[in-house]
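Close look at the chain arrangement
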Amino acid sequence: MADIKFCGLTRADDVRFAVELGAAFVGVIFAGGPRQLLPERAASILAGVSGARKVGVFGRQPPDELARIARQTKLDVIQLHADPTVEAVAAARRATGLPIWAAIRLAGAELPPQAADLAATADAILLDARAEGALGGTGVRLDWASIRLPEGRARIVLAGGLTPTNVRSALAALAVDVVDVSSGVESAPGVKDHALMRAFAEAARAGIPA
């Protein structure tokens, strides 16, 4: 059974509900877009979280900034979402001492040439849909059935258009370690719908459809 990550969280109530639902990961955005938080706000909504690991999603910030924000917000995981290189993964790990997730954004189903190297270097590979003008959280769905997962030691995190109604089909198409949802459980950008969050968690835990 795949772990669950609720991402793009902007409100303390949504963070608490994600933890109540048993999410393994809760994510906040520092990479731009309508869900971006200042570190002070992120620290506030993540305060007191236990039972879930706190993931910070970054763009192209330098390693020293990653380390400063990670300390301020007490992150457990750094997610690099702006087409990171192997060198960027290594630099982020040196600066923060934390596990590093490297996002691979796909325009189709074909993985980029660096996917194998990233899978050998990062702690997890996150697959997301590439959309013009946005790093993520667009709701654009990946073609799950056509993707061949990279080989390597990294765990696989699946994002890209997941919703309560399609997550079981995604899990049937791809054997992944974590399913990551943001816009698919929202009533507005950054505002989570608790009924949809619950439905997503229940569907993800129901496993592969018969």
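Structural notes, computed from the coordinates.

Definitions and cut-offs
Residues numbered from 1 in each chain as written. Predicted model: local features only at pLDDT ≥ 70, side-chain atom pairs only at ≥ 80, totals over all residues. Heavy atoms only, no water. Helix = DSSP H or I, 4+ residues; strand = E, 2+ residues; numbered from the N terminus. Buried < 20%, exposed > 50% of the residue type's maximum accessible area, 1.4 Å probe, protein only. Pairing = 2+ DSSP bridges. Right-handed = clockwise from strand over helix to strand, strands pointing away. Phe/Tyr/Trp six-rings, centres within 6.5 Å; stacked < 30°, edge-to-face > 60°. Axes fitted to C-alpha atoms, helices over the stretch in contact; angles between N-to-C directions. Contact = heavy atoms within 4.5 Å. Polar contact = N/O pair within 3.5 Å; in protein donor to acceptor, adjacent residues only side chain to side chain.

Digging into unusual backbone geometry
For lysine 74, which is not glycine, the phi torsion reads 55° and is therefore positive. Position of lysine 74 relative to the elements: it lies in the loop between helix H3 (63-73) and strand S4 (77-80). For aspartate 83, which is not glycine, the phi dihedral falls at a positive 50°. Inspection of the secondary structure assignment puts aspartate 83 in the loop between S4 and helix H4 (86-96). Judged by relative accessible area, which is 28%, aspartate 83 ranks as partly exposed.

Quick look at the pairing of strand S1 (residues 3-6)
Here 4 bridges tie S1 to strand S8 (residues 178-181), and the two strands are oriented parallel to one another. Pairing of isoleucine 4 across the sheet is with valine 179, part of S8. With 2 bridges connecting them, S1 and strand S2 (residues 25-29) associate as parallel partners. Each bridged residue has a counterpart across the sheet, and for phenylalanine 6 the counterpart in S2 is valine 26. Remark: the S1/helix H1 (residues 12-20)/S2 crossover connection has right-handed handedness.

Focus: the packing of aromatic side chains
One pass over the structure, following the stated rule, counts 3 aromatic pairs. When the centroid spacing of 4.9 Å and the interplanar angle of 70° are considered together, the rings of phenylalanine 25 and tryptophan 101 count as edge-to-face. Remark: tryptophan 101 occurs in strand S5 (residues 100-106) and phenylalanine 25 occurs in strand S2; sequence separation between them is 76 residues. Each member of the pair, phenylalanine 25 as well as tryptophan 101, carries the same accessibility label: buried.

As for the sheet that holds S4
Here we have 8 strands rolled up into a closed barrel, ordered S1-S2-S3-S4-S5-S6-S7-S8, and parallel in their pairing. Taken pair by pair, the neighbouring strands of this sheet meet at an average axis angle of 25°, ignoring direction. Note that strand S6 (residues 124-129) and strand S7 (residues 155-158) share 4 bridges and pair parallel. Paired with alanine 124 across the two strands is arginine 155, which belongs to S7.

Some points on H3
Among all positions in H3, only Leu66, Ala67, Ile69, Ala70 and Thr73 are buried. Buried residues along H3 sit against helix H2 (39-46), strand S3 (53-58), S4 and H4. Note on H3: the residue one or two positions beyond its end, lysine 74, has a positive phi of about 55°.

Considering the side chain of threonine 121
By secondary structure assignment, the location of threonine 121 is in helix H5 (residues 115-121). Of note is the side chain of threonine 121, whose polar atom sits 2.8 Å from the backbone oxygen of aspartate 117. Look past the residues within four positions of threonine 121 in its chain and what remains in contact with it is Val86, Val89, Arg93 and Arg153.

Details of the environment of arginine 94
Topologically, arginine 94 is positioned in helix H4. Relative accessible area serves as the criterion here: at 67%, arginine 94 is assigned to the exposed category. On a C-alpha basis, the gap between arginine 94 and glutamine 72 in space is 17 Å, while along the polypeptide they are 22 residues apart.

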